[in-house]
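Close look at the chain arrangement
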Amino acid sequence: MKNRKTSIWAETLARIWANPGSKVGIILFALIVAVSVFAPLLAPYGINEMDLTQMYQGPSPAHPFGTDGMGRDQLTRILYGGRYSLALGLFAALVGSGVGIIIGSVAGYFSAKIETIIMRVTDIWSSLPSMLLCILISATLGPGFGNTVLALAVGNVPTGVRLIRGQILSERSKEYLEAAESINCSKLSIMFRHMLPNVVSPVVVDATMGIGMNITMAAALSYIGLGVQPPTPEWGALLADARTHILNYPYLIMFPGLVIAVTVLAINLIGDGLRDAMDPKLRK
C-alpha cells in the first residue's frame, strides 16, 4: 500500500512537471519564493533605510525600481514584501481549506439532519461576496497581518465545505468503508483516516488556486487601508503608498503591481497543472 501511494504521488508530480504551463509556473514561483526568502542577502539596501536626498528617484542603476517619498529603495521593499504577501496567501488558504475540510467531512458523513443544518449555513455564508466579507471582518477586527489572514480565510471556507461534502457523499457507498465499519473503526477514524485521503484532491487544487486570489485580495485590503499597514512593505501596502503619486511617479505603482500579477499568474499555472494531474479521468 505504501508503494502504491508513493507511486501515485510520484506520478502526479511527473504529470505536473510534464505540463509546459505548470512547469513555467513552478519556475517563476520558485524564483519569487527564493528571492523573498533570501531578501536580506539579495537586497541592496536596508528595508527601511532612508536617504532624503534620493526621494522620488526614477529607476536607475543605483535604484533599479526607483525610490519612494522617503528615499527608500523600492526593489528592496518589494523583495521583503514578498515574504508578507506570500505568507498571507498561503496561511489564508491553509486555514480556510482546513476548516472547510473538517466541516465538509462532518456534513458529508454524518446524519442528514446535521448535513442540512451545515449546508444551509454554508448557503448563507457563500451568498455574501468574498471581498465584502473580508472588508467587514477587517473593519471589525482592525488592520494587521493576523486579522487579514483570518478575513481572507473566512471567505475560503464555503468552497472547501462544498467540495469535500460532495466527494464524501459519492464515497460513502464504497466497499472499503464497509470493511472499516466491520472491524469497529470509529466514525472519526473512518472519516479522516480512510475517506479523506481519497477525496481531498479537489480541495488541494482549490487551495492552490486560492493562494493567488488571497494575495490579490490582501493587496486590495491593504490598498483601502484595512490590511497590512505601513511601514510593513507588503505589496498591497506599497500600492497604497503610491496611489496618490500614480501620475507623477508611475513606477511606484507599476513595479509592485507587476510583481503581484506575475506571482498570481505563476500560481494559477501551477493550479491548472495540478488540476489536470490529479484528475482521475486522465490517469491510465
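Our next topic: the overall build of the protein. Summing up its helical and strand segments, the protein has twelve helices and zero strands in all. The helix and strand sequence of the protein, counted from the amino end, reads α-α-α-α-α-α-α-α-α-α-α-α. Considered along the principal axes of its C-alpha atoms, the protein spans approximately 75 × 45 × 25 Å. Of the contacts made within the protein by residues no fewer than 6 positions apart, 71% connect residues no fewer than 24 positions apart. Looking at the protein as shown, the accessible area adds up to about 14,600 Å², and 67% of this sits on carbon and sulfur atoms. Taken as two groups, the 21 positive and 17 negative side-chain charges of the protein have centres that lie 8 Å from each other.

On to the confidence of the model for the protein, then. As a general rule, the predicted coordinates of low-pLDDT regions are not to be interpreted in detail. Per-residue confidence for the protein gives a mean pLDDT of 86, with 95% of residues at or over 70. When pLDDT is averaged over each helix and strand of the protein, the minimum, 68, is found for helix α1 (residues 2–18) and the maximum, 93, for helix α2 (residues 20–37).

The end-to-end C-alpha distance of helix α6 (residues 130–141) is 16 Å, a good match for the 16 Å that twelve residues give at a rise of 1.5 Å each. When we look at burial in α6, the residues that qualify are Leu-133, Cys-134, Ile-137 and Ser-138. All buried residues of α6 fall inside an arc of 125° around its axis, so they share one side. Set apart from the buried face of α6 by more than 90 degrees, the exposed residues are Ala-139 and Thr-140. Buried residues in α6 make contact with α5 (112–127), α7 (145–171) and α10 (201–223). Where α6 terminates, the next one or two residues include Gly-142, which has phi positive at roughly 100°.

On to the packing of helix α4 (residues 74–109) against α7, then. Close contact between α4 and α7 brings their axes to 5 Å; oriented N to C, the two are set at 35°. Every pair of crossing elements has a handedness; the one defined by α4 and α7 is right-handed. Among the residues making up the contact of α4 with α7, the classes are represented as 21 nonpolar, eight polar and one charged.

So, on to the pattern of salt bridges. Tallying each qualifying case throughout the model produces six salt bridges. For Arg-275, the salt bridge goes to Asp-272, with nearest N and O atoms at 3.5 Å. Of this pair, Arg-275 and Asp-272 both sit in helix α12 (residues 251–277), separated by three residues, roughly a single helical turn. The exposure class assigned to Arg-275 is partly exposed, which follows from its relative accessible area of 45%. With a shortest N-O distance of 3.7 Å, Asp-276 and Arg-275 are connected by a salt bridge. Counted as one network, the salt bridges with shared partners bring together Arg-120, Asp-123 and Arg-162.

On the surface, Val-35, Val-37, Phe-38, Leu-41 and Leu-42 cluster together to form a nonpolar patch covering roughly 480 Å² of accessible area. Taken together, the elements giving at least two residues each to the nonpolar patch come down to α2 and α3 (39–42). Tracing the backbone shows Phe-38 in the loop between α2 and α3.

Rules and cut-offs
Residues numbered from 1 in each chain as written. Predicted model: local features only at pLDDT ≥ 70, side-chain atom pairs only at ≥ 80, totals over all residues. Heavy atoms only, no water. Helix = DSSP H or I, 4+ residues; strand = E, 2+ residues; numbered from the N terminus. Contact = heavy atoms within 4.5 Å. Areas by Shrake-Rupley, 256 points an atom, 1.4 Å probe, with all protein chains shown as cover. Lys, Arg positive; Asp, Glu negative; His and termini not counted. Charge placed at Lys NZ, Arg CZ, Asp CG, Glu CD. pLDDT = per-residue confidence, 0-100. Expected span 1.5 Å × (residues − 1). Buried < 20%, exposed > 50% of the residue type's maximum accessible area, 1.4 Å probe, protein only. Arc of directions from axis to C-beta. Axes fitted to C-alpha atoms, helices over the stretch in contact; angles between N-to-C directions. Left-handed = near helix turned anticlockwise from the far one by under 90°. Nonpolar A, V, L, I, M, F, W, Y, C, P; charged D, E, K, R; others polar. Salt bridge = Lys/Arg side-chain N within 4 Å of Asp/Glu carboxyl O. Patch = residues over 30% accessible without salt bridge, like charges linked within 9 Å, V, L, I, M, F, W, Y side chains within 5 Å.

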